[in-house]
Amino acid sequence: MAIRKGLAKPIGSLTQMGTIRLGKRTESRTPAIRDFVPLAGLDDIVFGGWDIFEDDCYEAAKTAGVLDAPLLEAIKDELSAVKPMSAVFDRQYVKRLDGPNVKKGKNKKDLAEQLIADIRKFKADNGLDRVVLLWCGSTEIFLTESPAHKSLAAFEKGLEESDPTIPSSMIYAYAAIHEGLAYANAAPNLSADIPALMELAQKTGAPLAGKDLKTGQTLIKTIIAPGLKARLIGVEGWYSTNILGNRDGEVLDDPESFKTKEESKKSVLDYILQPNLYPELYEALHHVVRINYYKPRGDAKEGWDNIDLVGWLGYKMQLKVNFLCRDSILAAPIVLDVALFMDLAKRAGMTGIQEWLSFYFKSPMHAPGLYPEHDLFIQSMKLKNTLRYMKGEELITHLGREYYD
Ligand SMILES: NC(=O)c1ccc[n+]([C@@H]2O[C@H](COP(=O)([O-])OP(=O)(O)OC[C@H]3O[C@@H](n4cnc5c(N)ncnc54)[C@H](O)[C@@H]3O)[C@@H](O)[C@H]2O)c1
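Because the structure is a prediction, the values reported are computed rather than measured.

Caption draft 1: Up close: the site of the ligand. Among the 28 residues in the neighbourhood of the ligand, the closest are listed as A87, A187, R247, D248 and A331. Per-element tally for the shell around the ligand: the top contributor is helix α14 (residues 327-347), with four residues. Tallied by class, the residues present in the shell around the ligand amount to 14 nonpolar, nine polar and five charged. Each of two domains, domain 1 (14-213 + 329-390) and domain 2 (217-324), supplies a minimum of three residues to the shell around the ligand.

Here it is in structure tokens:
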């Protein structure tokens, strides 16, 4: 809303500030991405959502304390108008939270139907053509695939029977995909990443993306690790720790929610460094990830990385990274990008997992049998080539003559 009023710049957003090179380098064709593909404009977006707290967006933003008061006051009217719908929530899945704005229903099927009714009403009340749903709710406890997740029939039976392996995020995902909406998951919990909901997406034509936005320490990790690997520098240890004091940090202080996050954060190095191909360099890697809730920091997260390197003739070196970041400031531009690209995917008839959006996620959803791509630079190339492909432009592979043009 601040950006739309011209009060601030959309820094960090590829859809708002990024460009894309087309054709040969000698052609000098580099349009803005938002001019190249038909993305929804910021003025055409209406925001809505659910929360277990009743605060409107202005109140919630004040409590979060991320934005400065003058900026918040300048958009107070617009923010106050966004009031949360009552949520589908069960403390069983997020132990550290509780709030009053919660739906009641006779079973999980009933709750899903209430969400579907909310979506339809939101669309009608605001005169919208399309809706995208992004799960930005808290991290739920660690769950693995259960029998109720295996097929759509089993899942719908599970909803009727309020199967405990169906957490709130899956009920939202079901409602969105049932309506054929693009659905993306900003959090690390399974949500739509189960066969039952993929089956439903194929039926309704819903694009899917997730999981867990790649914003802070993991973003830096997937920038540095491909560089070390490209130069065949050995890594024998990577210790990552964080302190943060926002509500996300409070939820992650619960070991069961942290386990979900830890699994998501730890997988990246194995795929980037390929210890199976380079056992002498990476097989012994000891990778540790910690998150500590520390209230005084609020949203101003601090991450430390200690990387133990091995160079020529086996000599040891160290690299230290200290990232003083802001959790929400890093996440906001990519929430916007994911929403706009998912909307584009839906209009382009692209159904199911959108691997070209792996660029934005710590544990990208991927087709069964394929490994996820974690290297930020390969992810970026894949994203841009998908946009070129959509518009019938030549793909850029940096191979052959093209490279020297
Ligand atoms: N940099 C980032 O902010 C970042 C990066 C990657 C992933 N994530 C993930 O995104 C998610 C949200 O992060 P955040 O920092 O915005 O957290 P937050 O605590 O500020 O916001 C989450 C909101 O979700 C609400 N909520 C929880 N369960 C709900 C439910 N069932 N229905 C409706 N509302 C519900 C909470 O009340 C809270 O207001 C977390 O899983 C987090 O790990 C955030």
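That was the structure; now back to the text.
Caption draft 2: Expanded view of the domain arrangement of the protein chain. By domain assignment, the protein chain separates into domain 1 (14-213 + 329-390) and domain 2 (217-324). Taken over C-alpha atoms, the centre of domain 1 sits 26 Å from the centre of domain 2. Looking at side-chain class alone, the side of domain 1 that touches domain 2 contains 11 nonpolar, six polar and seven charged residues.

Caption draft 3: Inspection of the sheet that holds strand β5 (residues 207-209) at higher detail. Pairing in this open sheet of four strands is parallel, and the strands run β3-β4-β5-β10 from one edge to the other. Two strands close off the open sheet at either side, each with one partner strand: β3 (132-135) and β10 (352-353). Pairing geometry for β3 and strand β4 (residues 182-185), over four bridges, is parallel. The residue bridging L133 from the neighbouring strand is Y183, located in β4.

Caption draft 4: Molecular detail of unusual backbone geometry. The linkage connecting G210 with the following residue, K211, adopts the cis geometry, with an omega of -10°. With respect to the helices and strands, the residue K211 is situated in the loop between β5 and α10 (217-230). Even without glycine at this site, S28 takes up a positive phi of about 50°. When you line up the elements, S28 lands in the loop between α1 (14-17) and α2 (33-36). For L313, which is not a glycine, the phi torsion comes out positive at approximately 65°. L313 gets classed as exposed once you count the C-beta atoms within 10 Å, which come to 5.

Caption draft 5: Structural context of the nonpolar core. I171, A173, I177, Y183, L197 and V338 are the most contacted members of the largest nonpolar core, which has 65 residues in total. Residue contributions to this core peak at nine residues, all from α14. With nine residues, the next largest nonpolar core counts A225, V268, L269 and Y282 among its residues.

Caption draft 6: Geometry of the confidence of the model for the protein chain. Looking at the protein chain as a whole, its pLDDT mean stands at 94, while 98% of the residues score no less than 70. Counting interchain partners and residues more than four positions distant, the pLDDT-below-50 stretch residues 400-405 has five contacts.

Caption draft 7: Just the pairing of strand β9 (residues 316-324), in detail. Summarising burial for β9: zero of the nine residues are buried, a small minority. By the bridge criterion, nine bridges tie strand β8 (residues 302-310) to β9 in an arrangement that is antiparallel. Residue pairing in the sheet places I307 in a bridge with L319 of β9. Turn length for the β8-β9 hairpin, with the two strands adjacent in sequence and antiparallel, is five residues, and the turn residue L313 shows positive phi of about 65°.

Caption draft 8: Fine view of the sheet that holds β8. The mixed open sheet is built from four strands, whose spatial order is β7-β6-β8-β9. Among the strands making up the open sheet, the edge pair consists of β7 (286-293) and β9. For this sheet the average axis-to-axis angle between neighbouring strands, irrespective of direction, equals 10°.

How each quantity is defined
- Residues numbered from 1 in each chain as written.
- Predicted model: local features only at pLDDT ≥ 70, side-chain atom pairs only at ≥ 80, totals over all residues.
- Near = placed C-beta within 6 Å.
- Helix = DSSP H or I, 4+ residues; strand = E, 2+ residues; numbered from the N terminus.
- Nonpolar A, V, L, I, M, F, W, Y, C, P; charged D, E, K, R; others polar.
- Domains from an automatic or database assignment.
- Pairing = 2+ DSSP bridges.
- Buried ≥ 20, exposed ≤ 12 C-beta atoms within 10 Å, placed from the backbone.
- Core = buried A, V, L, I, M, F, W, Y, C linked by C-beta atoms within 7 Å.
- pLDDT = per-residue confidence, 0-100.
- Contact = placed C-beta atoms within 7 Å.
- Axes fitted to C-alpha atoms, helices over the stretch in contact; angles between N-to-C directions.

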